[in-house]
Each structure stands twice: as structure tokens, then as C-alpha cells.
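# Remarks on the overall topology
Here's the letter readout for the chains.
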2 protein chains.
Amino acid sequence: MNGNALNGSELNRSNLGGLDRGIWDLYVVTDRKLACGRSHEEVAAAALAGGSRVIQLRDKEMTTRELIDTGLRLKEIVHEAGGILIINDRVDVALAVDADGVHLGQDDMPAALARRMLGREKIIGVSVSSEGEALAAELDGADYLGASAIFATPTKTDAAPIGLDGLRKICDSVRIPVVAIGGINKGNIEQVIKAGAAGIAVVSAVVSAPDIGAAARELLQEVRRAKASMGRCAAPGANAGTRAGAQRWG
Amino acid sequence: MNGNALNGSELNRSNLGGLDRGIWDLYVVTDRKLACGRSHEEVAAAALAGGSRVIQLRDKEMTTRELIDTGLRLKEIVHEAGGILIINDRVDVALAVDADGVHLGQDDMPAALARRMLGREKIIGVSVSSEGEALAAELDGADYLGASAIFATPTKTDAAPIGLDGLRKICDSVRIPVVAIGGINKGNIEQVIKAGAAGIAVVSAVVSAPDIGAAARELLQEVRRAKASMGRCAAPGANAGTRAGAQRWG
């Protein structure tokens with residue numbers, strides 16, 4: 001466990017920000033289809049070793065029973081490393097696993113309904129691609145947003161990327177942290193952070209990498225370097241970020 | 001609304017048996033893939049018009065949001081006709097829709113976990129194919145069982161059928177009602193009811209039929225004829241069934 005890490009017993013949304021301001025720096029979505037034969041557990045363990053502190057379990061093929069069993073094993077691995085486990089889409093699985101939260105797309109359960117089921121202490125993230133969706137999600141009780149897709153990506157071909165301008169508008173419109181997703185790599189992280197993102201979320205950039213830990217570490221360093229260059233996250237209590245959200249959790 | 005039907009406000013498991021002893025006679029699973037282009041709503045409305053009082057929403061392709069929206073519309077249609085709505089697999093959707101219950105396969109959430117999430121009043125059904133699974137499900141708090149597959153069927157090719165002997169063993173081992181599923185047709189209903197089933201569950205036999213209502217009506221008549229020939233369900237309070245489960249709800 002590193003000194004900044006969360007303890008299992010302290011994992012709840014009310015004190016998330018206070019414990020680790022950089023929690024959103026690198027958010028890794030484990031997707032088996034992109035993991036080159038590696039399991040969710042292997043991917044998560046390697047990403048955590050590389051410094052990620054938020055792991056999302058996403059698997060559209062598994063049965064509910066498999067998702068629950070995998071989620072329970074992941075929770076152990078993630079909490080052991082001081083991270084938090086978010087379940088994609090499935091509020092029932094998040095409840096069964098007692099995960100730290102759930103991530104909801106626009107085609108998933110509405111956030112307000114999920115909040116009623118999950119209670120106040122669980123983290124709810126919502127995928128948004130416009131200011132309107134961002135405001136609605138914040139109003140519905142979301143704790144963080146996943147803004148996507150920032151750049152074009154081979155895995156998400158269904159919508160035009162929102163670009164750095166779209167990201168900036170979303171970040172400026174809400175108080176909650178915004179994690180940028182879609183086509184993020186080492187070369188564009190600084191722009192993404194400067195646009196107001198609290199961190200980056202990645203799938204293939206980490207889970208398809210031959211060395212997952214090294215890939216995570218490299219991206220994380222770049223996020224931290226970008227934040228440091230802006231004077232953000234210098235120390236808890238002192239924050240030169242311009243956004244309210246960044247001041248809370250950035 | 002027919003005189004024997006349940007009212008929306010009365011739909012809960014504690015009084016299910018008392019209100020309509022024949023509720024399990026014909027249980028229809030709406031499966032879009034087998035419905036020849038008709039929607040869940042169309043299938044349900046026609047099956048209810050044909051006399052079915054239990055409708056299960058099953059759709060493995062829909063997003064969570066679509067399932068919830070469809071479930072809400074189905075609930076209205078089903079309750080209007082005095083029936084109950086069961087959601088396949090998804091406890092989160094059942095909660096979001098406030099459906100009457102959930103049906104769980106052996107690959108879905110364990111029934112005991114689902115019971116904790118759904119509370120005492122919701123109906124939980126479990127698919128079983130052996131005495132051991134039946135006893136475990138009853139112990140876990142299931143309200144009814146779906147015993148499958150009784151006969152070979154083109155839609156379920158993953159396991160050998162349990163036959164009438166397998167069905168009889170399951171029915172004899174538990175107190176809760178057992179609905180028989182898999183290859184049921186007009187020609188074998190009498191044997192299935194004589195083996196102890198509280199009713200039959202069908203997918204393609206009803207939802208793929210050119211006239212869904214007529215197909216449902218015909219199957220239902222045969223179930224009632226078979227029960228009447230055994231002296232079962234003659235009148236509330238008087239029941240000549242041999243099984244405890246049949247005495248409760250059969």
C-alpha cells in the first residue's frame with residue numbers, strides 16, 4: 001500500500017477527495033476483448049502496479065454470475081492496492097459485489113435511479129459527450145463524468161469525437177471531476193489536462209499493451225507532469241486549478 | 001380485467017397464491033428473437049388476451065435503458081390484464097421497473113443475493129434441471145422453479161432434457177410451484193401436469209405462433225383440462241393435488 005492510498009474501510013464517496021486528490025489521474029477500464037488473452041484480474045493487478053487507482057470492470061459477454069465472481073476477486077485486488085472498483089453498467093452487479101461504484105453510459109440506467117438503488121455512499125460515474133448531458137448527469141447525482149470520445153478511436157466508431165473544445169465546455173460546466181476518454185495517449189495528455197480534465201481514462205492504451213504496468217506508469221507520469229506544470233495538485237489544501245471540480249478532487 | 005385476476009396493488013408474493021390459484025397455468029416468456037418481428041409489448045398483449053397471467057421479459061440484446069423502458073411499458077400492459085411481470089436475469093432492471101419479480105438462471109445472480117436486494121415481497125424464480133438445484137433454490141428463497149428442459153428443443157441445445165422423470169423428481173422434492181419448460185406442446189401437457197408441474201412455461205410455442213392469442217388459449221385450455229382431470233384447482237380452498245406445492249399454488 002502506498003502512503004496516499006485509500007484503505008478499504010475508507011472507500012466511500014464522501015471522503016474520496018480528501019484522501020487522495022490524484023485518484024482520477026489514471027482510470028483503467030479492463031476489457032477482456034482488448035486484453036490479448038489476459039484476464040480482468042491480471043489486467044487490474046498490472047495497472048494497479050503501474051499506479052492506477054481506479055479500475056472499471058467492463059465485460060458485455062460474461063454472465064451475471066461470472067461478473068459477480070470476477071467483481072469479487074477484482075475488489076480484493078483493487079482494495080489491496082488502495083484503489084477503487086467501478087462496475088460498468090450493472091447496478092445489480094455493483095450491489096452484489098459491494099463495489100465502490102458504477103459507471104453508466106447514456107444507454108444504461110439513468111443516474112438518478114441508480115442513486116436510489118445504490119445509496120449515498122457509492123460512486124456514480126456517467127459517460128457524457130455534451131454540456132447538456134454533463135449538466136443533467138451532475139443534477140442526477142453523478143460523482144464524476146467520463147467525457148468521450150475526445151479523439152477518434154478504433155474502438156468507438158459510433159459518434160464523432162468531441163475534441164478538446166468539447167472537453168473544455170464539459171469541464172467548465174460542472175463542479176464534479178471530469179475524466180477524459182477516447183484516443184488519449186502520451187502525446188495529447190497535456191492538452192487534455194489543460195482543458196480541465198481531472199485525469200484520463202484508458203482502455204486499449206493500457207490493457208492491450210505488452211507491458212500493462214509500464215504503459216500505465218508512463219501515462220500516469222505524463223498526467224502528473226502536466227498537472228505539475230499547471231501548478232495543480234501541489235499539496236492537499238493548496239490547489240491552483242481553475243475549476244471548482246479540480247479544486248475539489250483534481 | 002377478469003374476476004380472478006390480480007390487481008396491481010395486490011401483486012406481491014405473500015398473497016399471490018390466494019388470489020389466483022391458476023396463475024402458473026401458462027407462463028409466457030417474450031423473446032424478441034423468436035417473435036417474428038413483433039415487439040415485447042405486442043407479444044405480451046396477445047398472450048394476456050389468450051389467458052396467460054405471467055409474462056417474463058427476456059432480451060439479451062437490449063441495453064439496460066431499453067430494458068427499463070420496455071419493462072415499464074410491459075408492466076402497464078401486464079397489470080392492466082391482471083397478470084404479473086417477471087424480468088429475466090436482471091435484478092437491477094426488476095428494481096428499476098418495480099416489476100413483480102425476477103427469473104434467475106444458474107448463470108445469473110444467486111437467489112439468496114437477489115432476495116436481499118429485492119426484499120420479501122418480490123417473486124423470485126429459479127431455473128433448475130435437477131433435484132439438487134431445486135432444493136438449493138428453494139432454500140435460497142425462490143418462490144417458484146422453472147424446471148428445464150423437459151423435452152428436447154431447438155432453442156436450448158446446451159443440455160440433455162430431464163424428461164418427465166426428472167420433472168417428477170423436482171416436483172416431489174420441493175414445496176414451491178414448479179413450472180415446466182422446454183419442448184412443451186399440446187400433446188404432452190397432460191403428462192407434464194401429471195408429473196406434478198403447477199403449469200407450463202413456453203417461448204416459441206406462443207411467441208412464434210402466427211396467432212399468439214390463439215396459441216396461448218389452446219395451451220391454457222389443455223393445462224386446465226389436464227388439471228381438471230386430476231381434480232386439481234376445482235375451487236379455492238379445495239385441492240386434490242398430491243404435492244404440497246400444488247396445494248399451495250397449483
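Here the structure is a predicted model, which is why all the values come from computation and not from measurement. (Residues numbered from 1 in each chain as written. Chains lettered and ligands numbered in written order. Predicted model: local features only at pLDDT ≥ 70, side-chain atom pairs only at ≥ 80, totals over all residues. Heavy atoms only, no water.)

## A look at the sheet that holds strand S5 (residues 123-128) of chain B
Residue and element names in this part refer to chain B. The strand order S1-S2-S3-S4-S5-S6-S7-S8 describes a closed barrel built from eight strands, whose pairing is parallel. Going from strand to strand, the sheet's axes swing by 25° on average, the running direction of each strand aside. Summarising the sheet, strand S4 (residues 101-104) and S5 pair through four bridges and their orientation is parallel. Residue Val-102 lies in a different strand from S5, and its bridge partner there is Ile-124. Here helix H5 (residues 111-118) sits on the sheet in contact with S4 and S5, set at roughly 165° to S5. With respect to the sheet, helix H6 (residues 131-139) is in contact with S5 and strand S6 (144-147), its orientation differing from that of S5 by roughly 165°. (Pairing = 2+ DSSP bridges. Helix = DSSP H or I, 4+ residues; strand = E, 2+ residues; numbered from the N terminus. Axes fitted to C-alpha atoms, helices over the stretch in contact; angles between N-to-C directions. Contact = heavy atoms within 4.5 Å.)

## Comments concerning the relation of the copies chain B and chain A
Think of it as a corkscrew move, a rotation about one axis and a shift along it, taking one chain copy to the other. Overlay of chain B on chain A (RMSD 0.0 Å): rotation 180°, translation along the axis 0.0 Å. Such a combination of turn and shift is consistent with a two-fold rotation axis. Of every C-alpha in chain B, the one belonging to B:Asp92 sits nearest the axis of rotation, 2.4 Å from it. (Least-squares fit on C-alpha atoms with pLDDT ≥ 70 in both.)

## A word on the interface of chain B and chain A
In this assembly, 18 residues from chain B lie in contact with 18 residues from chain A. Among the residues of chain B in contact with chain A, B:Arg65, B:Asp92 and B:Asp107 are the three that bury the most area, contributing 33% of the side total. Counting across the interface, chain B meets chain A through two salt bridges. For the salt bridge of B:Asp92 with A:Arg90, the shortest nitrogen-to-oxygen distance reads 3.8 Å. For the interface between chain B and chain A, the tally reads 10 residue pairs in polar contact (both at pLDDT 80 or more). In terms of residues, the side of chain B that touches chain A owes the most to one element, helix H4 (residues 91-97) of chain B, which gives four residues. Along the lines of polarity and charge, the residues of the side of chain B that touches chain A split into eight nonpolar, four polar and six charged. (Buried area = accessible area lost by both parts, 1.4 Å probe. Salt bridge = Lys/Arg side-chain N within 4 Å of Asp/Glu carboxyl O. Polar contact = N/O pair within 3.5 Å; in protein donor to acceptor, adjacent residues only side chain to side chain. Nonpolar A, V, L, I, M, F, W, Y, C, P; charged D, E, K, R; others polar.)

## Here's the deal with the pairing of strand S5 (residues 123-128) of chain A
Residue and element names in this part refer to chain A. Of all six residues in S5, five are buried, a share of seventy percent or more. Across four bridges, S5 lies against strand S6 (residues 144-147) in parallel orientation. By the bridge assignment for S6, Ser-127 is matched with Gly-146. Regarding topology, helix H6 (residues 131-139) serves as the crossover connection from S5 to the parallel S6, and that connection is right-handed. (Buried < 20%, exposed > 50% of the residue type's maximum accessible area, 1.4 Å probe, protein only. Right-handed = clockwise from strand over helix to strand, strands pointing away.)

## Concerning the nonpolar core
Of all hydrophobic cores here, the largest spans 157 residues; its most connected members are A:Trp24, A:Leu145, A:Leu167, B:Trp24, B:Leu145 and B:Leu167. Those residues within four positions of B:Leu167 in sequence are excluded, and the remaining contacts are B:Ala147, B:Ile150, B:Ile162, B:Val178, B:Ala180, B:Val192, B:Ala195 and B:Ala197. (Core = buried A, V, L, I, M, F, W, Y, C linked by side-chain atoms within 4.5 Å.)

## Side note on the confidence of the model for chain A
Residue and element names in this part refer to chain A. Overall, the predicted model of chain A reaches an average pLDDT of 87, with 83% of residues at or above 70. Every residue in residues 1-12 scores below 50 in pLDDT, and together they form 27 contacts with partners more than four places removed in sequence or on other chains. Throughout residues 234-250 the model reports pLDDT below 50, and contacts reaching past four residues in sequence, or to other chains, amount to 44 contacts. Scored as a complex, the prediction yields pTM 0.86 and ipTM 0.84. (pLDDT = per-residue confidence, 0-100.)

## What about the pattern of salt bridges?
Residue and element names in this part refer to chain A. Evaluation of the coordinates by the stated rule reveals 32 salt bridges over all chains. Among the ionic pairs, Glu-41 bridges to Arg-73, the shortest N-O distance being 2.6 Å. In this pair, Glu-41 is assigned in helix H2 (residues 40-49) and Arg-73 in helix H3 (residues 64-80), connecting sequence segments 32 residues apart. Judged by relative accessible area, Glu-41 falls into the buried class, the value being 16%. On the basis of relative accessible area, Arg-73 is assigned to the partly exposed category, the value being 43%.

## Digging into the sheet that holds S6(A)
Residue and element names in this part refer to chain A. The strand order S1-S2-S3-S4-S5-S6-S7-S8 describes a closed barrel built from eight strands, whose pairing is parallel. Neighbour to neighbour, the strand axes of the sheet diverge by 25° on average, direction disregarded. Bridge analysis of strand S7 (residues 178-181) against strand S8 (residues 199-202) gives three bridges, and the strand direction is parallel. Residue pairing across strands places Ile-181 opposite Ala-201, the latter belonging to S8. Across the face of the sheet, H6 comes into contact with S5 and S6 while running at roughly 165° to S5.

## So, the packing of aromatic side chains
Residues and elements named next belong to chain A. Evaluated as defined, the whole model comprises six aromatic pairs over all chains. Here the aromatic rings of Trp-24 and Tyr-144 are separated by 4.5 Å at their centres, their planes lie at 35°, and the arrangement is tilted. Taken together, the positions of Trp-24 in the loop between helix H1 (16-19) and strand S1 (26-31) and Tyr-144 in strand S6 put the pair 120 residues apart, joining distant regions of the chain. As far as the burial class goes, Trp-24 and Tyr-144 line up, both buried. (Phe/Tyr/Trp six-rings, centres within 6.5 Å; stacked < 30°, edge-to-face > 60°.)

## A closer look at the environment of A:Ala147
Residue and element names in this part refer to chain A. Checked against the element boundaries, Ala-147 lands in strand S6. Owing to a relative accessible area of 0%, Ala-147 belongs among the buried residues under this scheme. C-alpha separation for the pair Ala-147 and Ala-134, spaced 13 residues apart in sequence, amounts to 8.3 Å. The contacts of Ala-147, once residues within four sequence positions are left out, are Val-128, Ile-162, Leu-167, Ile-170, Val-178, Val-179, Ala-180 and Ile-181.

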